[in-house]
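# Coordinate analysis (summary)
Below are the chains, spelled out letter by letter.
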Amino acid sequence: MNSALRLATSAIRTTAPLRAYTVRNTSFNGFRAYSTAKTQTLKERFAELIPGEQEKVKKLRKEHGKKVIGEVTLDQVYGGARGIKSLVWEGSVLDSEEGIRFRGKTIPECQQLLPKAPGGKQPLPEALFWLLLTGEVPSEQQVRDLSAEWAARSTIPKFIEELIDRCPPDLHPMAQLSVAITALEHESSFAKAYAKGLNKKDYWLYTYEDSMDVIAKLPTIAAKIYRNVFKDGKVADVQKDKDYGFNLANQLGFGDNKDFVELMRLYLVIHSDHEGGNVSAHTTHLVGSALSSPMLSLAAGLNGLAGPLHGLANQEVLNWLVAMKKEVGDDISDESIKNYLWSTLKAGKVVPGYGHAVLRKTDPRYVSQREFALEHLPEDPMFKLVSQVYNIAPGVLTEHGKTKNPYPNVDAHSGVLLQYYGLTESSYYTVLFGVSRALGVLPQLIIDRALGMPIERPKSFDTKHYAKLVGATL
Ligand code: CMX
């Protein structure tokens, strides 16, 4: 038996039956066990899967390691590495026409197959996390156990709370999130164990523990930032018998609205993972490859998410729509929208929420939010405006002729849903994207360490050298 598995299963064996989620030490490195002992935990299941996954990769590399899988053009090198196959990402794959599949499953399939909250229609983010890490659909009980485990791990250290309190209210919420997650490094079991001398085979166990802790603490941290900047600074306690999406909604102050709670669940699922090459995913993976802790790796990814061409686009979209309304007034005709789109483009700005580095069709994450809006807020004027822009913008962007994809991405829709329920503070929106993104990038970080992925180090040259490579004289 592989030693990582041996360690994990020995921890399992020595864990006597527990009352639901009582926290106790196991004989394994003092990690707490969160288990009813009735169902297999995520950690136990993942530990079981590791040897098989390691073996698959070993065999693949042994038999096919020297085969050529693509070529690289000079344009790709200067064009943001678009399309270069150089990353391994197990959780999701993005097809340019069809959009995202999480472990082979489309968003509608996830909505159908993954466990939901009682009376709810949207999949639980906990279930998606399980799917991303293991490739398997969890049982209802396993998802409930995971909800309870995250709730049990959710307390944030006092100094993190104080750190957020000390941030000036006009420090962007994404910068505050980054500060808080970076400071959680103080709690990193990986960093502490590494400093003492950690066996490579155990990297994943500590990465797993830290990842679970960060995810569990994120709603309280995110809510603290929101409540400090925009409300009274008070954050409700995590309700231990409730799911992750409910707790996030409730801590933000919207727990009474069951539709908003469902929106949070959908939001957390669809923003989680978008294969490995996007800025936030790639950065988390890259920084993690240096064996920086999950806290430092995620914080780096969040700093990338905070860019306007990436996750910040959701705040930009709402601001752009509001500015449009202000300029053209309430009676918005197709013609005035067309003119506004052209004025944006002629000013040398991008139309936020449109275009994508990989996608060439309407983003299915946009579609799932549109379906939610059609069910819950069909008459909302801002939703109607988003729909109207959807009819007009692709034509204008095509005529403009620059973007390879004139269709909307996820960010074109999210802000309008949030504002409908009263979460109108657009500068906060990317924080919610960040909470969700953690659910996508951290499973891969755990897998990276379980598979022993090396430090990442692609090759770079100066322009002189590239010219030489293609036989050009400069
Ligand atoms: N409006 C105007 N111009 C656009 C555009 C848009 N929405 N999308 C792309 N273009 C332009 C690019 O700026 C580029 O112009 P230059 O040649 O002058 O540099 C040209 O079209 C070609 O770009 P592309 O190959 O189609 O797109 P990229 O892969 O370079 O960029 C993206 C992708 C998302 C950054 C870009 O489409 C964009 O800026 N969109 C608006 C911002 C946005 O919505 N970002 C969120 C993406 C989803 C996410 O990560 O959350």
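None of these values were measured; they are calculated from a predicted model. (Residues numbered from 1 in each chain as written. Predicted model: local features only at pLDDT ≥ 70, side-chain atom pairs only at ≥ 80, totals over all residues. Heavy atoms only, no water.)

## So, the overall build of the chain
Inclusion rule: Here a helix means four or more residues in a row that DSSP labels H or I, a strand means two or more in a row labelled E, and each is numbered from the N terminus. As defined in this context, the radius of gyration uses C-alpha atoms, and a globule is described by 2.2 Å times the residue total to the power 0.38. Note on classification: 1.4 Å probe, protein chains only; a residue is buried when its accessible area is under 20% of the maximum for its type, exposed when over 50%, partly exposed between these limits. Contact criterion: two residues are considered in contact whenever any of their non-hydrogen atoms come within 4.5 Å of each other. Under the convention used here, Asp and Glu are negative, Lys and Arg are positive, and both His and the chain ends fall outside the count. Working definition for charges: the position is that of NZ of Lys, CZ of Arg, CG of Asp or CD of Glu.
Looking only at helices and strands, one finds 21 helices and four strands in the chain. The C-alpha atoms of the chain give a radius of gyration of 23 Å, which matches the 23 Å a tight globule of 474 residues would have. Structurally, the chain occupies a C-alpha span of about 70 × 65 × 45 Å along its principal axes. Residues counted as buried form 54% of the 474 residues belonging to the chain. The contacts in the chain between residues at least 6 apart in sequence include a share of 73% that link residues at least 24 apart. Computed over 57 positive and 53 negative side-chain charges, the separation of the two mean positions in the chain equals 6 Å.

## Comments concerning the site of the ligand
Note the following rule: Proximity criterion: a residue is near a molecule or strand once any of its heavy atoms comes within 4 Å of it. Definition of a polar contact: a pair of N or O atoms within 3.5 Å, with one able to donate and the other able to accept a hydrogen when the atoms are protein atoms, and with sequence-neighbouring residues admitted only if both atoms are side-chain atoms. Accessible areas in this description were obtained via Shrake-Rupley with a 1.4 Å probe; residue shielding takes into account the shown protein chains only.
What surrounds the ligand is a group of 20 residues, the closest being His 310, Tyr 354, Lys 402, Lys 404 and Asp 411. Between the ligand and Val 351 there is a distance of 2.9 Å, counted from a nitrogen atom to a backbone nitrogen or oxygen. A distance of 2.7 Å separates an oxygen atom of the ligand from a polar side-chain atom of Lys 402. Starting from 890 Å² of accessible surface for the ligand in isolation, the protein chains cover 76%.

## Notes on the packing of helix H18 (residues 381-400) against helix H19 (residues 411-420)
Note the following rule: All axes here are fitted lines through C-alpha atoms, helices being fitted over the stretch that makes contact, and every angle between N-to-C directions spans 0 to 180 degrees. Note on terminology: angles under 35 degrees are roughly parallel, angles over 145 are roughly antiparallel, angles of 65 to 115 are roughly perpendicular, and the others are oblique. Asp, Glu, Lys and Arg are counted as charged, while Ala, Val, Leu, Ile, Met, Phe, Trp, Tyr, Cys and Pro are counted as nonpolar; the rest, among them Gly, fall into the polar class.
At their nearest, the axes of H18 and H19 sit 9 Å apart, and the two run at 170° to each other. Classified by the angle their axes make, H18 and H19 are roughly antiparallel. For the pair H18 and H19, the contacting residues are Met 382, Phe 383 and Val 386 in the first and Ala 412, His 413, Val 416 and Gln 419 in the second. Taken together, the residues of the contact of H18 with H19 break down into five nonpolar, two polar and no charged.

## Thoughts on the packing of aromatic side chains
Aromatic rings considered in pairs are described by the distance between their centres and by the relative angle of their planes. Going by this rule: For Phe, Tyr and Trp, rings pair up if their centres lie within 6.5 Å, where Trp contributes its six-membered ring, and each pair is then called stacked (planes under 30 degrees apart), edge-to-face (over 60) or tilted (otherwise).
Evaluated as defined, the whole model comprises 17 aromatic pairs. Centroid distance Tyr 78 to Tyr 466: 6.1 Å. Interplanar angle 70°. Geometry classified as edge-to-face. Residue Tyr 78 is found in helix H3 (residues 74-78), and its partner Tyr 466 is found in helix H21 (residues 463-469); the two are separated by 388 residues along the sequence.

## Topic: the pattern of salt bridges
We apply this condition: The salt bridge criterion pairs a side-chain nitrogen of Lys or Arg with a carboxyl oxygen of Asp or Glu, the two atoms within 4 Å.
Tallied over the entire structure, the rule returns 22 salt bridges. Across the salt bridge formed by Arg 153 and Glu 149, the nearest N and O atoms sit 3.0 Å from each other. A relative accessible area of 7% places Glu 149 in the buried class. In this structure, Arg 153 and Asp 213 form a salt bridge, with 2.9 Å as the shortest nitrogen-oxygen distance.

## A few points about unusual backbone geometry
If you check the backbone angles, Ala 81 has positive phi at about 60° while not being a glycine. Along the chain, the position of Ala 81 falls in the loop between H3 and strand S3 (92-95). The phi dihedral of Leu 291 falls on the positive side, at around 65°, and the residue is not glycine. Within the fold, Leu 291 resides in the loop between helix H13 (279-289) and helix H14 (294-305).

## Looking at the confidence of the model for the chain
Applied cut-off: Confidence of the predictor in every single residue is expressed as pLDDT, which spans 0 to 100.
Mean pLDDT over the chain: 93, with 92% of residues reaching 70 or higher. Low pLDDT, under 50, characterises residues 1-29; the predicted model gives this stretch 55 contacts beyond four residues in sequence or across chains.

## Notes on helix H20 (residues 429-450)
The line we're drawing: Helix span, expected: 1.5 Å multiplied by one less than the number of residues in the helix. Note on bend: at a given residue it equals the angle between the axes fitted to the 7 residues ending there and to the 7 starting there.
Look at H20: 33 Å from first C-alpha to last across 22 residues, which is about the 32 Å you get at 1.5 Å a residue. Along H20, the helix axis deviates most sharply at Arg 437, where the bend reaches about 30°. Counting buried residues in H20 gives 22 out of 22 residues, a clear majority hidden from the surface. After H20 finishes, the residue Gly 452 shows a positive phi value of roughly 65°.

## Description of the side chain of Gln 388
Inspection of the secondary structure assignment puts Gln 388 in helix H18. Here the side chain of Gln 388 touches Asp 334 through a polar contact of 2.9 Å, side chain to side chain. If we skip the residues at most four places from it in the chain, Gln 388 touches Ile 332, Ser 333, Asp 334 and Ile 337.

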